[in-house]
Amino acid sequence: MNSRLAFIFPNGLIIHNETDVYFQSSTPIPIRVPNNCGFRMLKSRMHNTLQLTDDQYLDEIYYQRPFTDAGNQFRFQSMQLKNGDDVSTMLMCNHQLLCVGLIELLYTIGRTSDGILNLLQATITPTHDVLLYYNRRWNMQRQHDFVGYSFTGKNPKKIDIHSGCTIDELQDLIKQVAPQGIPPYGIHESQMVRRFFFRQPGHYEYSDKVIKLEIIELKTDDDVLKVLVQSN
């Protein structure tokens, strides 16, 4: 046998329960993985099988890795494939634990800068409503169906950001709408906006019914574009 049969889970979810993880999606796609497969070859085969466009790329790949627990029962955990050693581990696990089943892979798709701009122009509104917290902080909290961080501060300002906004334009816009004055109560005309942070929803590893709110820093034009796509 020169290759192994695997299934790709498109646009899938990693589902966690008390003891295992499993992948969930609409219709898994079969693919052959050669025994001598490396990371670059795996990504290339997946890219061709999925027929991704020129402005798309495979961002993250996860393997449903089997193992035996202390009671000699088969369990599964999620393992991200990042290099050739990880792919070798995947093939070794599949060889040693053939009775568990086929290789199962889940992936996420990223977009190039041009792809993000095309998506923005084609599918989203010209401007986005943004709530700005100037010179404030964030706290970790748990409330009902949400867990993670929340921004705190008085008198947040509502601003509009256009779809093609760059990091420099965002910096200028925030300086225009922020209170004028002496820090920490305002921005002096001689100062510049130094850092931007965005709160985004993510996957909560301990429950599929809870949304995890994470803080990310916006550093580049691509970061701003990704935020605008997510907010659509």
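Computed from a predicted model, the values in this text were never measured in an experiment. (Residues numbered from 1 in each chain as written. Predicted model: local features only at pLDDT ≥ 70, side-chain atom pairs only at ≥ 80, totals over all residues. Heavy atoms only, no water.)

> I'd like a rundown of the sheet that holds strand S7 (residues 103-111), residues and numbers included.
A sheet is described by the order of its strands in space; here five strands give the open sequence S4-S1-S7-S5-S6, paired in mixed fashion. Every other strand in the sheet has two partners, leaving strand S4 (29-34) and strand S6 (74-81) as the edge strands with one partner each. Averaged over neighbouring strand pairs, the angle between their axes works out to 35 degrees when direction is ignored. Direction of pairing for strand S5 (residues 56-68) relative to S6: antiparallel, over a ladder of eight bridges. If you follow Ile61 over to S6, its bridge partner there is Leu81. (Pairing = 2+ DSSP bridges. Helix = DSSP H or I, 4+ residues; strand = E, 2+ residues; numbered from the N terminus. Axes fitted to C-alpha atoms, helices over the stretch in contact; angles between N-to-C directions.)

> Provide a residue-level description of the pairing of S5, including the pertinent values.
Pairing between S5 and S7: seven bridges, direction antiparallel. The residue bridging Tyr62 from the neighbouring strand is Leu106, located in S7. Between S5 and S6, which pair antiparallel and follow one another directly, the connecting turn spans five residues, one of which, Asn72, has a positive phi of 65 degrees.

> How would you summarise a negative patch on the surface if you had to cite specific residues and measurements?
A cluster of like negative charges, contributed by Asp168, Glu169, Asp172, Asp221 and Asp222, occupies part of the molecular surface. Secondary structure elements with two or more residues in the negative patch: helix H4 (167-177) and helix H5 (221-230). Here the element with the most residues in the negative patch is H4; it accounts for three residues. Overall, Glu169 belongs to the partly exposed group, its relative accessible area being 37%. (Patch = residues over 30% accessible without salt bridge, like charges linked within 9 Å, V, L, I, M, F, W, Y side chains within 5 Å. Areas by Shrake-Rupley, 256 points an atom, 1.4 Å probe, with all protein chains shown as cover. Salt bridge = Lys/Arg side-chain N within 4 Å of Asp/Glu carboxyl O. Lys, Arg positive; Asp, Glu negative; His and termini not counted. Charge placed at Lys NZ, Arg CZ, Asp CG, Glu CD. Buried < 20%, exposed > 50% of the residue type's maximum accessible area, 1.4 Å probe, protein only.)

> How would you sum up unusual backbone geometry? Please name residues and give values.
Trans is the common state for peptide bonds, and a negative phi is the common state for residues other than glycine. Although it is not a glycine, Gln51 sits at a positive phi angle of roughly 55 degrees. Among the secondary structure elements, Gln51 is positioned in the loop between helix H1 (39-50) and S5. Exposure remark for Gln51: the relative accessible area of 67% places this residue in the exposed category.

> Could you give an account of the confidence of the model for the protein chain, with specific residues and numbers?
When pLDDT is averaged along the protein chain, the result is 76, and 67% of the positions lie at 70 or above. When the elements of the protein chain are averaged for pLDDT, strand S9 (residues 137-143) gives the smallest value, 50, and H1 the largest, 92. (pLDDT = per-residue confidence, 0-100.)

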